[in-house]
Structures are given as C-alpha cells and as structure tokens.
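Reading the structure
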Amino acid sequence: MELPACLLGLLALSITGKCSYSPEPDQQWTLPPGWVSLGRVDPEEELSLTFALKQQNLERLSELVQAVSDPRSPQYGKYLTLEDVAELVRPSPLTLHTVQKWLLAAGARNCHSVTTQDFLTCWLSVRQAERLLSGAEFHRYVGGPAKTHVVRSPHPYQLPQALASHVDFVGGLHRFPPTSSLRQRPEPLVAGTVGMHLGVTPSVIRERYNLTAKDVGSGTTNNSQACAQFLEQYFHASDLAEFMHLFGGNFAHQTSVARVIGKQGWGRAGIEASLDVEYLMSAGANISTWVYSSAGRHEAQEPFLQWLLLLSNESVLPYVHTVSYGDDEDSLSSAYIQRVNTEFMKAAARGLTLLFASGDSGAGCWSVSGRHQFRPSFPASSPYVTTVGGTSFQNPFLITNEIVDYISGGGFSNVFSQPSYQEEAVAKFLGSSPHLPPSSYFNASGRAYPDVAALSDGYWVVSNNIPIPWVSGTSASTPVFGGVLSLINEHRILNGRPPLGFLNPRLYQQHGAGLFDVTHGCHMSCLNEEVEGQGFCSGPGWDPVTGWGTPNFPALLETLLNP
C-alpha cells in the first residue's frame, strides 16, 4: 500500500509548502502597547511549547453538560469525574501515536501530558522549534507593569498537512499575557456624613447583600473555592492578614490561603492579586481557598493555557473558580477560542462553577471596514461560564440601591451562537428595551453576557501593607459573587446535595430569582456621533449590562438550595 505524499513528508519531516497548513490563520499578531522586542532568541535556548491535540466525542460532552446542569433533567447534579471526562474526550490512538512520533523525530524531550491526554507539553531548543513549526521565529519581549519577559513568534507558524486532523493549535507562540484593567478612581464628592461609608469593604458587601455574621463556612465540609491569576502578580499573606484585621472583625474568617498552585514569588504584591484573594475570602468567608498563580512560569508558556492544563490534571478541585482574565474576541484565533470553550465544557461536566469578569470597557468598540461596532470579550462570551458584570451604589457613600457601573462589560458574542437557556430572556430584552443601539453594532443572535453582577466600584484593598481606596473593576465583582456561591454550596453539601456546577441553565430558568434587579444606567461604548459613547442600558429582568442582577443572599440561597 502506498502512503499519501503528505504523510511521507511528515515521517521524513521534509515539509513542503503545499503539504502544510496554518492552524491559526486568523490569530492577530500585534505587539501590545508597552512591550518591546529584545531580538531573536539564541538557537540553543530551550523552549516549552504546548500542543493541543484533537479531542473526541465533543457532541456527547455537550449533551452531558446540558443533562447535569439542567434542574429538569434526571441527570441533574450527577457530575462526571475527571476520569469519566478523559474516557470521553481523549484523543484517538492514531492522534496520540502520530503526534508523539512527529515530536520525537524532531528532538522533543521531557514531554508531559495531562490526565485527559489532550494536551502535550514538550521541551525543544529554539532551533528545533523553528524547524518543527515552519515560519515561526522566536523573539524575546519585555513589557507590562512587572517588566515581564516572554518568548513569542511575530510570524505565523505552519504544521504538516498530515497533522490537520490531530492538532488544534500550538500554545506559546503568539498570545501575550493580559494586562489589568483595574482602576483607582477619584474619590467622589460628598455632602453630609450621616450613615456614610467611605468605600466598599467586606462589611459594606455583607450589609448590601444581606449576609449576616452566621453566613460563613462551617469548617466541617470539603467545600473550597479558588481564584486564578495571570498577571505576573503576587498576593502577600501579610496583606491578607492585615486586610482581615482591618475589615474582618464582624464575621468568622480564615486569614491564610489553604493552597497556592504555581510559584508564589517575593516581588511586590499586585493590587488585582490582592483584591481577588481578599474579597473571595471575605464574601465566601471561612471557606478553604486556593490560589492559582502563574508567576514564575517559563517565558514561552501562556499563563491562561497553563491554568486550563491544571484543571485537566487534578481529579479533586475547588467547586467555584473566579477569574478576572479577558481578551477581545477578535484578537484570538478561532481554533484557540473553540478549544478553550471545550475546556470550559469539560469543567462544567465535572460540576465546576467558573465565573469570569465581564470586562471593564462597557460594550467595547472597534472599527470594521470603516464602520464602528461593539467589541465583545472572551472568555466572558463563552456559553459555558457564568459572567459577572459591575454595579455602583446610587449614592456612592450610602448602602443604597445599585445602578450600572458604566465600565461594566457586556454585549453579544460574534463567535458563539445564543445558547438555548437564554433565548427567552434575550428576546424579551431586545423586544422591550427603549434604548437599543443600532442593530449594525452587535450580533443579536450571539451569546449574550453578563449573566449576573455585583458591586465593582470603590473598593478598599490592602496591597504591600498599604490600605488603598477606590479600586474599581469587574475584577472586584467577580470574587464577591464567587464567594456568595461558595456559601450556597456549603449549605447544599451540608444538606447532602451536589455543588451548583454550571449555573446558567438554572439561573435563566428561575428568571433571576434571588437577585436584586438593576434597572438604571447604561454602560459605555463607541465615542462617535451615532451612539455618543452609550452602549446598552439596564432594565427590568435580564440585560447585557448587569445580567439578572446582584445577589440577595437569603433569597438566592432559598432559590438554589434544592434540589
């Protein structure tokens, strides 16, 4: 039997142009602001690259996620184990054999897989990597607030055509670490002092969302929660202890993180890293907390991708994960976005609740063929995560009703179609909102977000032993909502129920029961004559600015406790 020409080319590693393909032809490559090239990397330097292998049975995985996440299903709450997921999605023997043979022939070494066998991370010299990935050219870059060093290729890479049915993409070539959009806003002007608060603290959060001193973890369950950080930032244990000393006096709490996954260095603490930990552990008080830290990873690794690998390699994980990472949808390749979305499906099948910040750019804005459009964010736009928007107090110094925080990210995906669980809610919004932007600005049939919201404006944070006021962003609202869900998981576990898992199907079926509806305010968008900086506006029920609203803990607990 004769072997096809391209397969012969693969085995011989003699790749010609017509026998190669680009896995990520639509991956944008622009050097982010503040980053500069330090030149080509030495050919003998070692690189760590991650190969995403084609998975199997993805339609079946989608069906199982729906079954275990829908309260109307007899399978509700009967989550899969990591081993179950691995059995389902693991690449075919042909894929595993073909890719491993290709990598070994190229000189790859120290290759490590994950439990699901759908990622393979290997070490190669730069010379070997550039020969393996036709067109790639590795440069070292430095940038970001922490002057981070990364190794990336400014040119697209190609793979042998024979690998097209075996490899989704190669990680570590193009995408740069994200930057924080947290802001320290000016202190609002105030008249009068009666009943005032001077910024959002845990006691303000707990009063607004009706959490009493008794609404804390019991310390008797295996319940846990986690936040993940990708900003080359550290949190300091001493900051957490000082924060709880200053602001945790009226509720039982833990003063230290139970587990750090990744390297936790000794550099200056980052405000976002400090914020995540401090508010997850004060909203989800007295619950064991893990922190995923990407600091100290190899220069060629993508921090977010490394976190996804960790999820595919640990059979026991916290039930709730809060993440404040996001990129413009249009800046990412289709292969990458679709594969990351599959990773979220794997997490949902296992009963994990993934919460992502909706972003801090309102509806966003970019120009396509000379016309302005809104600019959705990913992973906020994934149909398999719960996305958290942001609110402000109507009176910034009083614990009052909430209104839209104008930065709150929200809108409609240009990649993912609208999931069935939200069709009714979105149709109602589009049919009743008196302030809709022109239809050319958004994809009304796309996945709409956010799903929920919480306060995102005016937080106190302790970082590098200094209390810092007026910190704002959906990076604040996300751990707060995550902590509230962890408290509900605590009650469910004590009552013999499974954890909440992927929340959205239930959330939309219950029409936002247990949440404070936010009905006033609009978020920002394109500064042009047509929309004049205004995106979508909130209204009764679900809206693409604050979702279904913010948590009212006793009512939300009653809504989500059973079954």
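Under an unreviewed UniProt entry, the protein has the name Tripeptidyl-peptidase 1 and belongs to Tupaia chinensis. Turning to the protein, the UniProt record has this under Catalytic activity (unreviewed entry): "Release of an N-terminal tripeptide from a polypeptide, but also has endopeptidase activity."

Digging into the overall build of the protein
The helix and strand inventory of the protein stands at 14 helices and 30 strands. On C-alpha atoms alone, the protein measures out to a radius of gyration of 24 Å, which is about the 24 Å that the 2.2 N^0.38 rule sets for 563 residues. Projecting the C-alpha coordinates of the protein onto the three principal axes gives extents of approximately 85 × 55 × 50 Å. In the protein, buried positions account for 59% of the 563 residues. Within the protein, counting contacts between residues at least 6 apart in sequence, those at least 24 apart form 81% of the total. A total accessible area of about 21700 Å² is found for the protein, and carbon and sulfur atoms account for 53% of it. Separation between the mean location of the 34 positive side-chain charges and that of the 48 negative ones in the protein comes to 5 Å.

A word on the domain arrangement of the protein
When the domains of the protein are assigned, the result is domain 1 (21-55 + 90-171) and domain 2 (202-299 + 319-331 + 349-561). The C-alpha centroid of domain 2 is placed 32 Å from the C-alpha centroid of domain 1. Facing the 14 residues of domain 1 at the interface are six residues of domain 2. Between domain 1 and domain 2, the buried area comes to about 750 Å², and carbon and sulfur atoms account for 42% of it. A per-residue breakdown of the area domain 1 buries against domain 2 is headed by Gln 28, Thr 148 and His 149, which together make up 42% of the total. At the boundary of domain 1 and domain 2, one finds zero salt bridges. Linking domain 1 with domain 2 are two residue pairs in polar contact (both at pLDDT 80 or more), by the criterion used here. Contributions of two or more residues to the side of domain 1 that touches domain 2 are made by strand S3 (46-53) and strand S7 (148-152). Counted by class, the side of domain 1 that touches domain 2 contains five nonpolar, five polar and four charged residues.

Points about the UniProt feature "binding site: Ca(2+)" (unreviewed entry) in the protein
Look at the UniProt record and you will see "binding site: Ca(2+)" (unreviewed entry) annotated at Asp 517, Val 518, Gly 541 and Asp 543. Judged by maximum C-alpha separation, these annotated positions cover 27 residues in sequence but sit close together in space, the widest gap being only 9.7 Å. Mapped onto the elements of the fold, Val 518 is located in the loop between strand S27 (515-516) and strand S28 (522-524). Relative accessible area serves as the criterion here: at 1%, Val 518 is assigned to the buried category. Excluding anything up to four places from it in sequence, Val 518 contacts Thr 391, Glu 402, Ile 403, Val 404, Ser 538, Gly 539, Asp 543, Thr 546, Gly 549 and Thr 550. One can find Asp 543 in the loop between strand S29 (534-537) and strand S30 (550-551). Setting aside its immediate chain neighbours within four residues, Asp 543 contacts Phe 429, Pro 450, Val 518, Cys 537 and Ser 538.

What to know about the environment of Ser 256
Within the fold, Ser 256 resides in the loop between helix H7 (237-247) and strand S12 (259-261). When its relative accessible area of 42% is taken as the criterion, Ser 256 is described as partly exposed. Separated by 25 residues in sequence, Ser 256 and Met 281 have C-alpha atoms that sit 9.1 Å apart. Every residue in contact with Ser 256, bar those within four places of it in the chain, is listed here: Leu 240 and Met 281.

Let's talk about the state of the cysteines
Here the structure, examined in full by the defined rule, presents three disulfides. At a sulfur-sulfur separation of 2.0 Å, the disulfide partner of Cys 522 is Cys 537. Across the S-S bond linking Cys 522 and Cys 537, the dihedral sits near 95°, which makes this disulfide right-handed. Placement of the pair is Cys 522 in strand S28 and Cys 537 in strand S29, with a sequence separation of 15 residues. A relative accessible area of 26% means that Cys 522 is categorised as partly exposed. Numbered by position along the chain, the disulfide-linked cysteines of the protein connect as 1-2, 3-5, 4-6.

Side note on the packing of aromatic side chains
All told, the structure shown has 31 aromatic pairs when counted by the stated rule. Where Tyr 141 meets Phe 176, the ring centres are 5.4 Å apart and the plane angle is 70°; that geometry is what we call edge-to-face. Here Tyr 141 is found in strand S6 (residues 139-143), whereas its partner Phe 176 is found in the loop between strand S9 (167-171) and strand S10 (183-184), with 35 residues between them in sequence. The residues Tyr 141 and Phe 176 share a single accessibility class, namely buried. The interplanar angle of 80° and the centroid separation of 4.7 Å between the aromatic rings of Tyr 279 and Tyr 459 together place this pair among those described as edge-to-face.

A few points about the pairing of strand S11 (residues 224-229)
Burial within S11 is extensive, with six of its six residues counted as buried. In S11, alternate side chains face the same way, and those of Ser 224, Ala 226 and Ala 228 on one face and Gln 225, Cys 227 and Gln 229 on the other are all buried. Where S11 lies against strand S13 (residues 288-293), six bridges are found, and the strand directions are parallel. Pairing of Gln 225 across the sheet is with Thr 289, part of S13. Across four bridges, the pairing between S11 and strand S14 (residues 320-323) is parallel. Paired with Ala 226 across the two strands is His 321, which belongs to S14.

As for the nonpolar core
Grouped together as the largest cluster of nonpolar side chains are 113 residues, with contacts concentrated most on Phe 51, Leu 133, Phe 138, Phe 304, Trp 307 and Phe 344. Here this core takes eight residues from helix H10 (residues 334-349), the largest share from any one element. Each of domain 1 (21-55 + 90-171) and domain 2 (202-299 + 319-331 + 349-561) gives at least three residues to this core. Residues Tyr 279, Ala 283, Phe 393 and Val 462 belong to the second largest nonpolar core, which totals 30 residues.

So, the sheet that holds S7
Pairing within the open sheet is antiparallel, and its three strands lie in the order S2-S6-S7. The open sheet terminates on both sides in strands that have one partner only, identified here as strand S2 (36-40) and S7. Mean inter-strand twist for the sheet, computed between neighbouring axes without regard to direction, equals 25°. Sheet topology note: the S6/S7 ladder contains five bridges and is antiparallel. Looking across to S7, one finds that Tyr 141 is bridged to Val 150.

Observations regarding unusual backbone geometry
Here the amide bond leading from Phe 378 into Pro 379 is cis, since omega sits at 15°, within 30 degrees of zero. Looking at the element boundaries, Pro 379 is found in the loop between strand S19 (377-378) and strand S20 (386-393). Omega for the bond connecting Tyr 449 with Pro 450 falls within 30 degrees of zero, at 5°, which places this linkage in the cis form. Unusually for a residue other than glycine, Ser 369 sits at a positive phi of about 50°. With respect to the secondary-structure elements, Ser 369 resides in the loop between strand S17 (366-368) and strand S18 (371-373). The backbone phi angle of Glu 532 is positive, close to 55°, even though this residue is not glycine. Here Glu 532 is to be found in the loop between S28 and S29. On the basis of relative accessible area, Glu 532 is assigned to the exposed category, the value being 63%.

The rules we used
- Residues numbered from 1 in each chain as written.
- Predicted model: local features only at pLDDT ≥ 70, side-chain atom pairs only at ≥ 80, totals over all residues.
- Heavy atoms only, no water.
- UniProt positions renumbered as here; feature names shortened; annotations may be inferred.
- Helix = DSSP H or I, 4+ residues; strand = E, 2+ residues; numbered from the N terminus.
- Rg over C-alpha atoms; globule rule 2.2 N^0.38 Å.
- Buried < 20%, exposed > 50% of the residue type's maximum accessible area, 1.4 Å probe, protein only.
- Contact = heavy atoms within 4.5 Å.
- Areas by Shrake-Rupley, 256 points an atom, 1.4 Å probe, with all protein chains shown as cover.
- Lys, Arg positive; Asp, Glu negative; His and termini not counted.
- Charge placed at Lys NZ, Arg CZ, Asp CG, Glu CD.
- Domains from an automatic or database assignment.
- Buried area = accessible area lost by both parts, 1.4 Å probe.
- Salt bridge = Lys/Arg side-chain N within 4 Å of Asp/Glu carboxyl O.
- Polar contact = N/O pair within 3.5 Å; in protein donor to acceptor, adjacent residues only side chain to side chain.
- Nonpolar A, V, L, I, M, F, W, Y, C, P; charged D, E, K, R; others polar.
- Disulfide = S-S within 2.5 Å.
- Phe/Tyr/Trp six-rings, centres within 6.5 Å; stacked < 30°, edge-to-face > 60°.
- Pairing = 2+ DSSP bridges.
- Core = buried A, V, L, I, M, F, W, Y, C linked by side-chain atoms within 4.5 Å.
- Axes fitted to C-alpha atoms, helices over the stretch in contact; angles between N-to-C directions.

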